[in-house]
Amino acid sequence: DYESPMQLMNAMAAAVMGYEEEIDIFESLYLDDTIFTNIRTDFATNHRKYSAKNSGTAKIEYKVAVNAGEPVYMYIPTDYPRECNLAVNGRHIGTYMGNKSDCVQYLGIFDEDQMITVTLSLTEDPIYIRNNQDYFFSLNTELFKETFEKIAKSNLNITKFDEDYIEGTVTISEGQSLLYTSITFDEGWIIEVDGKRTDLIKINDSQIAIEIPEGTH
């Protein structure tokens with residue numbers, strides 16, 4: 001299991017490349033400090049609960065070290081969606097952690113190395129945040145480009161396509177053995193490689209992969 005979509009992406013990229021260890025396309029950022037204003041903390045299962053002590057402004061401020069020129073993302077997981085307001089360096093970004101905003105949030109690209117302030121301001125409801133996880137990440141754009149250029153060399157070149165039929169050619173490089181797809185896993189799919197039926201492989205609990213030997217097929 002992976003704590004965040006970023007860690008899952010790192011693991012998937014490494015698997016597609018045939019690496020035994022993960023690669024850090026997304027890198028965890030250093031959280032320097034967390035400041036609470038008018039906040040009461042309690043514990044819930046695998047979470048901390050944050051609620052307002054009184055009717056004044058209640059907020060959590062994260063001080064995060066970022067590098068110049070790298071896109072910065074935030075993912076704060078919760079099993080109990082409750083909407084709050086989000087700001088970066090005092091600029092309102094929108095709402096976060098609600099039913100429609102419980103997601104990866106892009107925070108921006110910064111011109112110089114600096115410590116940014118990410119603020120979650122409570123509205124009416126308390127918020128629940130999973131414990132002991134990384135919440136802030138940067139995207140290593142050079143490694144991302146390098147990795148996906150290599151992956152693109154083993155793309156399936158689709159020659160025929162319908163809603164229930166796909167045909168194409170692919171060249172599998174040395175050290176690679178699985179063709180990953182975004183197709184939702186369903187045992188109704190029949191897969192043939194060079195005219196011979198092969199097994200469906202389920203990945204990420206939801207998608208289809210196909211084991212294919214090196215070479216062009």
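All of these numbers come straight from a predicted model, not from anything done at the bench.

Engineer: Is there a simple way to explain the overall build of the protein chain in this structure?
Structural biologist: When you go through the protein chain residue by residue, the secondary structure sums to two helices and 21 strands. At 22 Å, the protein chain has a C-alpha radius of gyration far larger than the 17 Å of a compact globule built from 217 residues. Long-range pairs, those at least 24 residues apart, make up 64% of the contacts in the protein chain between residues at least 6 apart in sequence.

Engineer: Hey, could you run me through the sheet that holds strand β3 (residues 39-44) in this one?
Structural biologist: Strands belonging to one sheet form pairs held by backbone hydrogen bonds; the direction of such a pair is parallel or antiparallel. Spatial ordering of the open sheet is given by β3-β4-β11, a layout of three strands whose pairing is antiparallel. Of all strands in the sheet, those bounded by a partner on one side alone are β3 and β11 (127-130). Across this sheet, the average inter-strand angle for adjacent strands is 30°, counted without regard to direction.

Engineer: Please clarify how unusual backbone geometry should be interpreted in this entry.
Structural biologist: Most peptide bonds take the trans form, and the phi angle of most residues other than glycine is negative. Within the chain, Met97 stands out as a residue other than glycine whose phi angle is a positive 75°. Of note, Met97 is situated in the loop between β8 (91-96) and β9 (105-108). A positive phi angle, near 55°, is found at Asp194, a position not held by glycine. Examined against the element boundaries, Asp194 turns out to sit in the loop between β17 (191-193) and β18 (196-198). Residue classification places Asp194 among the exposed residues on the basis of a relative accessible area of 54%.

Engineer: When you look at helix α1 (residues 5-17) in this model, what are you seeing that I'm missing?
Structural biologist: Between its first and last C-alpha, α1 extends 18 Å over 13 residues, near the 18 Å set by a 1.5 Å rise per residue. The elements touched by buried residues of α1 are β1 (26-28), β6 (72-74), β12 (136-139), α2 (141-152) and β16 (178-184). At the C-terminal side of α1, Gly18 shows a positive phi close to 85°.

Engineer: Teacher, can you tell me more about the sheet that holds strand β2 (residues 31-37) here?
Structural biologist: Ordered in space as β2-β5-β10-β7-β8, the five strands form an open sheet in which the pairing is antiparallel. Two strands lie at the open edges of the sheet, namely β2 and β8, each paired on one side alone. Between one strand axis and the next, the sheet turns by 20° as a mean value, whatever way the strands run. Looking at chain direction, strand β7 (residues 84-88) and strand β10 (residues 114-122) are connected through five bridges and run antiparallel. The partner of Cys84 across the bridge, within β10, is Leu122.

Engineer: Got a minute to help me understand the packing of aromatic side chains in this structure?
Structural biologist: Geometry of an aromatic ring pair is reported as the spacing of the ring centres plus the angle between the planes. Per the counting criterion, the structure on display carries seven aromatic pairs. With 4.9 Å between their ring centres and 55° between their planes, Tyr80 and Tyr128 make a pair best called tilted. Of this pair, Tyr80 sits in the loop between β6 and β7 while Tyr128 sits in strand β11; the two residues are 48 residues apart in sequence, bridging distant segments of the chain. The buried category is assigned to Tyr128, whose relative accessible area is 14%. Ring pairing ties together the aromatic residues Phe26, Tyr73 and Tyr106, which thus form one cluster.

Engineer: Which parts of the structure should I look at to understand the pairing of strand β5 (residues 59-66)?
Structural biologist: Remark: a regular strand shows side chains that alternate across the two faces of the sheet. Examined bridge by bridge, β2 and β5 share six bridges and lie antiparallel to one another. Note that in β5 the partner of Thr37 across the bridge is Lys59. As paired strands, β5 and β10 are joined by eight bridges and run antiparallel to one another. From the neighbouring strand, Lys63 faces β10, where its bridge partner is Thr117.

Engineer: So what exactly am I meant to see when it comes to the pattern of salt bridges here?
Structural biologist: Pairing between side chains of opposite charge can happen when their charged atoms approach one another. What the rule picks out here adds up to one salt bridge. Measuring nitrogen to oxygen at the nearest pair gives 2.6 Å for the salt bridge that ties Asp79 to Arg130. Here Asp79, found in the loop between β6 and β7, pairs with Arg130, found in strand β11; they are 51 residues apart in sequence, far enough to count as distant. Residue class for Asp79 comes out partly exposed when judged on its relative accessible area of 44%. Residue Arg130 is classed as partly exposed on the basis of its relative accessible area of 22%.

Engineer: Hey, could you run me through the nonpolar core in this one?
Structural biologist: The nonpolar side chains of a soluble globular protein tend to be buried with one another. Of all hydrophobic cores here, the largest spans 36 residues; its most connected members are Tyr62, Leu120 and Ile129. Counting residues per element, the ones that place at least two in this core are α1, β5, β6, β7, β10, β11 and β12.

Cut-offs used in this document
Residues numbered from 1 in each chain as written. Predicted model: local features only at pLDDT ≥ 70, side-chain atom pairs only at ≥ 80, totals over all residues. Heavy atoms only, no water. Helix = DSSP H or I, 4+ residues; strand = E, 2+ residues; numbered from the N terminus. Rg over C-alpha atoms; globule rule 2.2 N^0.38 Å. Contact = heavy atoms within 4.5 Å. Pairing = 2+ DSSP bridges. Axes fitted to C-alpha atoms, helices over the stretch in contact; angles between N-to-C directions. Buried < 20%, exposed > 50% of the residue type's maximum accessible area, 1.4 Å probe, protein only. Expected span 1.5 Å × (residues − 1). Phe/Tyr/Trp six-rings, centres within 6.5 Å; stacked < 30°, edge-to-face > 60°. Salt bridge = Lys/Arg side-chain N within 4 Å of Asp/Glu carboxyl O. Core = buried A, V, L, I, M, F, W, Y, C linked by side-chain atoms within 4.5 Å.

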